[in-house]
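Okay, here's what each chain looks like letter by letter:
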Amino acid sequence: MKRGLCWLLVGTVLLSLCCCTSAAPTMTEQTASTPAPSAADEPTPTAAPTPAPSEAAIVISTSVPTDTPTPTPTPTPTPTPAPTPTATPEPTAVPRSCVEIVEEMTFYYAGYGEAAAERVASLLQEMNAAWPEDGQRWAKIMDRWRTLEDRITVNEDVLPDGLPDTNELCIVALGYSLNSNGTMKDHLKARLKVARKSAQKYPNAWVLCTGGGTASRKKNYTEAGQMSAWLKKHGVSKDRILTEKKSRTTVQNARFTLDMLLRDHPEIKYIALVTADYHIKAATLFFEAESILRTQPGEEPRITVISNAVCKTDHEEQSAYYRAGGLVELAGNEKTASQLYHDRYDKKKWPPLP
C-alpha cells in the first residue's frame, strides 16, 4: 500500500514536469526569464576608446571659422518723417469789378475833389492790377475830369472862330424832354437857335440832333425828330442833318452818337457840342469818356470834342455827383447812376476820408 502511494506521487510529479517543459513562454515572460548579460559577455576592445571632448574643445568646435565672411548687417531704414502740416491758404480774393471801383472812385472825387486824389490813385491801382487796359482808360477819364474846369471855355450863343469848316466837323445838338403831346419846350428851342447859328457859321459841317422819345402821350415823337424838323424849317439843309433817335440820357447821347459817326462817317474827326450852359461841362466829360473807352491802350480817340456853344439859362450847374453818375452809367450801372443823378444815392455807403 505504501509502495503504491509512492509510485502515484512520483507519477504525478513527472506528469507536472512534462507539462511545464512543453508550454511555450510569452514575450513578457521570455524577457523576464532572460538573465542580464554579464561583463564576460561583452567583446574585448582592440583599441583604446576615444576620450570625450573637453569643455574647451567644445567651445572651439562651435565657433565660427575665421575664413567665413562676416555678413554685412542690413541697415535699418530711417523712417520718413510725416510731412509737417501747413496752414490752409486763404482763398484768393476775387477782384472787384470795374463798375464797383468806378462807383467808389467817382463818389469820392465828387465829394472831396483833390482831397481824394490819394484814394483815387489807390483805386486806379487796384483796377490796373486786375484789368490793365481798363485801368489805363479810366486813368485818362479821371484826368479829363480833374482838368475839366481849366480846359473848358464856355461859348454862348454860337461856336467860336477857328474851327475847321469842313465835313470833318460835326455840330451835335443835345436834346431835352418833350411836352406830353410831343411838342418842344422853349428850353429845347433855345438850344436849337444856337445850333442854327453855329451851322450857318460853319456851312460845311455836319449837324446831328440826338434824343429819343420822351412825350408821354406821343410815343412816336422823338426829340431828334422834332429838332430836325425845326432846323429844316429855319434854313438848315436836310442833306447836312443827321438824327439819333434812341437815347434817353446824356450818356446815351454820347454812346449812340459815336456809334453812328464811327460806323457811317469816317470823315468826321471833331465834335462841337451844343447844349445849355449848366449842362455843357458834364456833357463834354461824358463824350470824352465814351471816346476814350473805345480806344486801345496807347491810342488816341478817333473823334474828339473840340469846342462848344451854349444857350444861357438861370439854372445852376449840375453837381459833381451828376458827373459821377454819368461815369457810373458809362461803366455799366444805370441804377446807381440814376440815384446819383437825382440825389438819391446813399452817401453813407462809403466811409468818410480821414
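Residues numbered from 1 in each chain as written. Predicted model: local features only at pLDDT ≥ 70, side-chain atom pairs only at ≥ 80, totals over all residues. Heavy atoms only, no water.

## Description of the environment of A309
Note the following rule: Numbered from the N terminus, helices here are DSSP runs of H or I no shorter than four residues, and strands are runs of E no shorter than two. Residue burial is assigned from relative accessible area. The probe radius is 1.4 Å, only protein chains are included, and a residue is buried under 20% of its type maximum, exposed over 50%, and partly exposed in between. Between two residues, a contact is recorded if the distance between any of their heavy atoms is within 4.5 Å.
Mapped onto the elements, A309 comes out in strand β5 (residues 304-311). Residue classification places A309 among the buried positions, given a relative accessible area of 0%. Excluding anything up to four places from it in sequence, A309 contacts N155, V158, L159, V194, S198, L273, V274 and T275.

## Notes on unusual backbone geometry
Here the phi dihedral of D157 falls at roughly 75°; this positive angle occurs in a residue that is not glycine. Structurally, D157 is set in the loop between α7 (148-151) and β1 (169-174). Not every positive phi belongs to a glycine, and D343 is a case in point at roughly 60°. Within the secondary structure, D343 sits in the segment after α13 (334-341).

## Some thoughts on the packing of helix α6 (residues 132-146) against helix α12 (residues 320-331)
The cut-off we apply is this: An axis is simply a line fitted to the C-alpha atoms; with a helix, the fit covers only the stretch in contact. Between two such axes, the angle follows the N-to-C directions and lies from 0 to 180 degrees. Every angle not falling under 35 degrees, over 145, or within 65 to 115 is termed oblique; those three ranges are roughly parallel, roughly antiparallel and roughly perpendicular. We call a crossing left-handed when the near helix sits turned anticlockwise from the far one by less than a right angle, and right-handed when that turn is clockwise. The residue classification treats Ala, Val, Leu, Ile, Met, Phe, Trp, Tyr, Cys and Pro as nonpolar and Asp, Glu, Lys and Arg as charged. All others, Gly included, are polar.
Interaxial distance between α6 and α12 falls to 12 Å at its minimum, and their mutual angle equals 160°. On the basis of the axis angle, α6 is roughly antiparallel to α12. Crossing hand, α6 versus α12: right-handed. Counted together, W138, I141, M142 and W145 of α6 and A320, R323, A324, L327 and A331 of α12 form the full contact between these two elements. When the residues that make up the contact of α6 with α12 are grouped by side-chain class, the tally is eight nonpolar, no polar and one charged.

## Quick word on helix α5 (residues 117-130)
As a reminder of what qualifies: Helix span, expected: 1.5 Å multiplied by one less than the number of residues in the helix. Think of it as the arc spanned by the lines of direction from the helix axis to the C-beta atoms.
Counted at 1.5 Å a residue, the expected span for α5 with its 14 residues is 20 Å, and the 20 Å between its end C-alpha atoms agrees. Along α5, the residues that are buried comprise V120, L123, L124 and M127. Viewed end-on, α5 has its buried residues packed into an arc of 100°, placing them on one side of the element. Seen from the open side of α5, the exposed residues pointing more than 90 degrees away from its buried face are E118, Q125 and A129. At its buried positions, α5 is contacted by α4 (98-112) and α6.

## A look at the sheet that holds strand β2 (residues 206-210)
As a reminder, the rule being used: Paired strands, as defined in this entry, are two strands with at least two bridges between them according to DSSP.
Pairing is parallel in the open sheet, where five strands are placed in the order β3-β2-β1-β4-β5. Of all strands in the sheet, those bounded by a partner on one side alone are β3 (241-244) and β5. This sheet shows a mean twist of 25° between the axes of neighbouring strands, independent of strand direction. Where helix α8 (residues 186-201) meets the sheet, it contacts β1, β2, β4 (270-276) and β5, and its direction lies at approximately 125° from that of β5. On the sheet, helix α10 (residues 250-264) packs against β1, β2, β3 and β4 and is oriented at approximately 125° with respect to β3.

## Looking at α6
Counted at 1.5 Å a residue, the expected span for α6 with its 15 residues is 21 Å, and the 21 Å between its end C-alpha atoms agrees. Listed in full, the buried residues belonging to α6 are G135, R137, W138, I141, M142 and W145. Axial view of α6: buried residues confined to an arc of 165°, hence all on one face. In this fold, the buried residues of α6 make contact with α4, α5, α7, α11 (280-293) and α12.

## As for the packing of aromatic side chains
The geometry of an aromatic ring pair is captured by two quantities: the separation of the ring centres and the angle between the planes. Rules: By convention, a stacked pair of Phe, Tyr or Trp rings (six-membered ring in the case of Trp) has centres within 6.5 Å and planes under 30 degrees apart, an edge-to-face pair has planes over 60 apart, and any other such pair is tilted.
Counted under the stated rule, the structure contains seven aromatic pairs. When the centroid spacing of 6.1 Å and the interplanar angle of 35° are considered together, the rings of Y108 and Y112 count as tilted. On the criterion of helical spacing, the pair formed by Y108 and Y112 is a turn pair, its members being four residues apart in helix α4. Judged by centre distance (4.8 Å) and plane angle (70°), the rings of Y109 and W145 are edge-to-face.

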